[in-house]
Each structure stands twice: as structure tokens, then as C-alpha cells.
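For reference, the chains in residue letters:
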Amino acid sequence: MIHKRLQKLNFFFEFFERNTLFPFYESVNNNTNGNITCNQNTEEIGTYKNSINVVNFIPPYLDLKINKQSTPFRAFQVKPRLGYMIDLNAFANVDDYFKVQLGSRKKKTVLAGVKRLESCFDISYKMYFGEIDVLEYEFLFSEFERMITKRFEQRKQEHAGYKRWTLYKKSVYDLILKKRASLFVIYNRKKAIVIDLNYHFENILDSAMSSYDIDYAKFGLGNIALIKQVEWCFDNDYKRVDMRWGEVPYKHVWCNVIEEYKCDVVYNKNIPTDMLLAFLVSKFLNLKKLLEGRKILPFKLNWVLRGKEPKAPIANIDGSLSYKLEDLDELPSQENISPIDLNDTDFQFLRYPVYNYIYASLEHAKNLNIYSINTEKNVYVIQGKSKLKKLIL
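None of the values given here were measured: they were computed from a predicted structure.

A surface patch of nonpolar side chains, amounting to about 280 Å² of accessible area, comprises Leu276, Phe279 and Leu280. Looking at the element boundaries, Leu276 is found in helix α9 (residues 272–293). The class of Leu276 is exposed, set by a relative accessible area of 52%.

Following this line, the structure appears as C-alpha cells:
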């Protein structure tokens, strides 16, 4: 079978996550600044000699040079997928970017979202880049995993990153210290409510993985996190934010560049049949791209490379808590109510409706008191500065 001769390789995983290059490459050129980095990988090339190496996910801003003098490798290159990026070279500063990319109305809306979040909670922002306490790192990664788990359980999907979670947890700490990775965190007091994992190379930030506390979903935390990281990029003279492949509506809002990712089909020139096979694989990838682009694929072609079909994704289902709010004229007598601390895990199910109320009322969280009504099941009171609400689950 053809797929047994093929070795699928992911350039992004190797270069950004493992901080290395495949040994058949001589160097990588960052075409945003002209810097050339020579390959320091001392791995033996023997494991690659007898395979057709399909190197996927090579970003358009990096040019790879095959080592033709010391190795027998050659490559056919194709461009099978689109990538979404923010090119900051086009803008003088972050305000210029917001104005041009978002337009005045959208800019006003997203910046109002930042102000609303900061007026309702004690918010701070932190980019862990170059240094992080090991205990804080371990805590943040456990919170990161918890957020992703909760969010994808709600959506009834499995997060692709789980298959590599052990590698992430083991490798990212050292990469942060080497300034090849970062964790961007939004805190509500000491509680992390957004955690984004990024990889770095010179003046490029790769937005790898993100998650947020779904109890704060109303506040649009994804947009706020992106705003703050774009600001950080301008402050640190970064020129590009890579939001990777895959078409998602929010990328069209934020990205001003859509370019083709590259794929190298690398083969051993000393094996005559491998050149023919690599050529056929490259043509197949071009055909697959053409048919997918025209939405006329009559059947799945992935079997050639994968050997089996992937499971179809499960549709999104919103599993958020159902509730309603009613006006309350006065607070029930003290003997009929019991105070509740939302930080108590026994009452974490109340955070989503309470935070939604905070969003709508613009109350600061520190000004709220929450009570359970002792005589009514699943009924609670939200007491603000000037309003009383009955929360019924």
C-alpha cells in the first residue's frame, strides 16, 4: 500500500514545539527579516532515507533549504492549505491596526468589551516569556487543562491537543525560559480566566492553543486576549502573528493576510522509484486541494495518506445552565437565607448565571452578595448596590 511508504511529518510540531529542524534541511530563512538559521540537529538521516517524507504545515514566512551537498534528499513543493495571519508591518502602532483592520465601529465594540471586563472584575494581564516560577507553571498548566476539558465537554467534542498534552506540559516550561514559547494569562484577582499558549521565533508569534473559563463567556474573552497580545507584539517589535490554518470566522475579523502553507514532499534521489512516487504524491495533494476548493470531492481522498478514515466531528451543543432572573422588592429575612461564596466549588454552578448578570448590570463583582433561599429549592438571591434579583434554576 502507498501509505506504508509515506512518512507524515509536521513542521510546526518539530520547529515550534520541539525547537528543532528535520535533519535533511540545511537552514531556515525568516523572510520577514532575512535572518538565516542553520540546522543544529545532529539526528541521523537513516530513518528518512527509505521513506517519502511528507512535511506538512510549513508557514509561508519561512523558507527551508534542503541539504543537497551532504544528503541525497530532494523535494517537490506544493501549497495545499491556507493560513491566516496578522502582518503588523503594515501598521505604525496598535491603534492604527485596530482602526484599519476593524473599522471604527468594530474597534469601539471590542475596546468597550475590555473596559466592561475591567470594570466588573479586578483584572490583570501577564505574559510569561523568558521566566516563570515552576510552581506557577505547573498550576497554570493544570488550570489550562481544566478549562479546555470543561469547554470541550460542553461542546461534546474532543480537543486535538489532548493527544500531545504530556509533551506540551513537559516541553513548554523550558521553551518559555529560552523565549521560544509563552503563556499569556488573564487573571481575575489570582484566578486565571484565560490561558493562551504561544510559540515564538525571532519576530513571529505563533498562536498555538487557547482556552478560557466558560463561566465568563459573555465577556468575549477570546477577543480581549487577542487584543492584549497584539499590543504586546507591537511593544516588543514583533512583525507577524500566525493564527495557523483552518477557516474560522473570527480569523477573518483579525487577520489581514491569508497565505498558502507549504508542504515539502521529500524523497531520496538515489532510489529512482521514490522520485516518481514523490511526484505522484505532490500531484495528488494538488488535486485534492483543487477538488476541496471547488467543493466537488465525490469521496474522501485522505485514505491514500492515512490508511483509514477519521471520525466525523460532533456538532456543537450548548450545555450551559438554564435559569431565569426575576426582580425582588426586598431581601428575605436573615433566617430564611444563607450567604454563598462563589469561590466555593460546591457553588461553582452559580458562576455562569451570576457573571452573566454582572455583564448586563455592569456591577463590580466585589459589590455583590449571593444568598440561597432556605425555603425554596434551587432559588437564590443576587444583591447588588441598588438592585435585588431572584435567580431561579
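Burial within helix α11 (residues 351–361) is extensive, with 8 of its 11 residues counted as buried. Of all the positions in α11, only Arg351, Tyr352, Pro353, Val354, Tyr355, Asn356, Tyr357 and Ile358 are classed as buried. Next to the buried residues of α11 lie α4 (94–120), β9 (191–201), β13 (324–327), β15 (369–373), β16 (379–383) and β17 (388–392). Phi for Leu362, located one or two positions after α11, is positive at around 60°.

Enumeration according to the criterion identifies 34 aromatic pairs in this entry. Taking 5.4 Å as the distance between ring centres and 20° as the angle between the ring planes, the aromatic pair formed by Phe76 and Tyr267 counts as stacked. Note that Phe76 is positioned in strand β6 (residues 73–87) and Tyr267 in strand β12 (residues 257–268), a separation of 191 residues in sequence. By relative accessible area, Phe76 is classed as partly exposed at 23%. Look at Tyr267 and you get buried, because its relative accessible area is 7%. Taken together, a centroid distance of 6.4 Å and an interplanar angle of 40° make the contact between Phe347 and Phe349 tilted. Assessed through its relative accessible area of 24%, Phe347 is described here as partly exposed. For Phe349, a relative accessible area of 34% translates into the label partly exposed. Feature note: the residues Phe11, Phe12, Phe15, Phe16, Phe57, Phe201, Trp245 and Tyr261 constitute an aromatic cluster, connected by ring pairs. Sitting over the face of the ring of Tyr128, Lys126 holds its NZ or CZ atom 5.4 Å from the ring centroid.

Turning next to the sheet that holds strand β14 (residues 337–340). In space, the 5 strands of this open sheet follow the order β13-β17-β16-β15-β14, with antiparallel pairing throughout. The two strands at the open ends of the sheet, each matched to only one other strand, are β13 and β14. On average, each strand axis in the sheet is tilted by 30° relative to the strand beside it, whichever way the strands run. For β15 and β16, the ladder comprises 4 bridges, and the chain directions are antiparallel. Each bridged residue has a counterpart across the sheet, and for Tyr371 the counterpart in β16 is Val381.

Let us now look at the pattern of salt bridges. Under the criterion given, the structure shown has 18 salt bridges. Here Lys65 makes a salt bridge to Glu26, at a shortest N to O gap of 3.5 Å. Within this pair, whereas Lys65 is found in strand β5 (residues 62–66), its partner Glu26 is found in strand β2 (residues 25–30), the two being separated by 39 residues in sequence. For Lys65, a relative accessible area of 47% gives the class partly exposed. When its relative accessible area of 29% is taken as the criterion, Glu26 is described as partly exposed. Salt-bridge contacts for Glu260 lead to Lys289; the nearest nitrogen and oxygen are separated by 2.4 Å. One end of the pair, Glu260, is in strand β12; the other, Lys289, is in helix α9, and 29 residues separate them in sequence.

Empty space within the second largest pocket amounts to approximately 410 Å³. Surrounding the second largest pocket, 21 residues form its lining, Arg189, Leu342, Asn343, Tyr355 and Ala365 being those nearest its centre. Of all the elements in the fold, those that place two or more residues in the lining of the second largest pocket are α11 and β15. Ranked by residues supplied to the lining of the second largest pocket, first place goes to α11 with 4 residues. Counted by class, the lining of the second largest pocket contains 11 nonpolar, 4 polar and 6 charged residues.

Pairing within the open sheet is mixed, and its 9 strands lie in the order β1-β4-β12-β6-β11-β10-β9-β8-β7. Edge positions in the sheet fall to β1 (6–10) and β7 (123–128), since each of these pairs with one other strand and no more. Averaged over all adjacent pairs, the angle separating strand axes in this sheet is 30°, with direction ignored. Note that β1 and strand β4 (residues 52–58) share 5 bridges and pair parallel. Across the sheet, residue Gln7 finds its bridge partner in β4, namely Asn53.

Helix length check: α9 (22 residues) gives 32 Å between terminal C-alpha atoms against 32 Å at 1.5 Å per residue, within 8%. Listed in full, the buried residues belonging to α9 are Asp274, Leu277, Ala278, Val281, Ser282, Phe284, Leu285, Lys288 and Leu291. Of the residues trailing α9, Lys295 is marked for its positive phi of about 55°.

Thresholds, definitions, all that
Residues numbered from 1 in each chain as written. Predicted model: local features only at pLDDT ≥ 70, side-chain atom pairs only at ≥ 80, totals over all residues. Heavy atoms only, no water. Patch = residues over 30% accessible without salt bridge, like charges linked within 9 Å, V, L, I, M, F, W, Y side chains within 5 Å. Areas by Shrake-Rupley, 256 points an atom, 1.4 Å probe, with all protein chains shown as cover. Salt bridge = Lys/Arg side-chain N within 4 Å of Asp/Glu carboxyl O. Helix = DSSP H or I, 4+ residues; strand = E, 2+ residues; numbered from the N terminus. Buried < 20%, exposed > 50% of the residue type's maximum accessible area, 1.4 Å probe, protein only. Contact = heavy atoms within 4.5 Å. Phe/Tyr/Trp six-rings, centres within 6.5 Å; stacked < 30°, edge-to-face > 60°. Lys NZ or Arg CZ within 6 Å of the ring centre and 35° of its normal. Pairing = 2+ DSSP bridges. Axes fitted to C-alpha atoms, helices over the stretch in contact; angles between N-to-C directions. 1 Å grid on protein atoms, 1.4 Å probe; cavity = no way out; pocket = protein on both sides within 12 Å on 5 of 7 lines; lining within 4 Å. Points joined across faces, edges and corners; volume = space filled by probe spheres on them. Nonpolar A, V, L, I, M, F, W, Y, C, P; charged D, E, K, R; others polar. Expected span 1.5 Å × (residues − 1).

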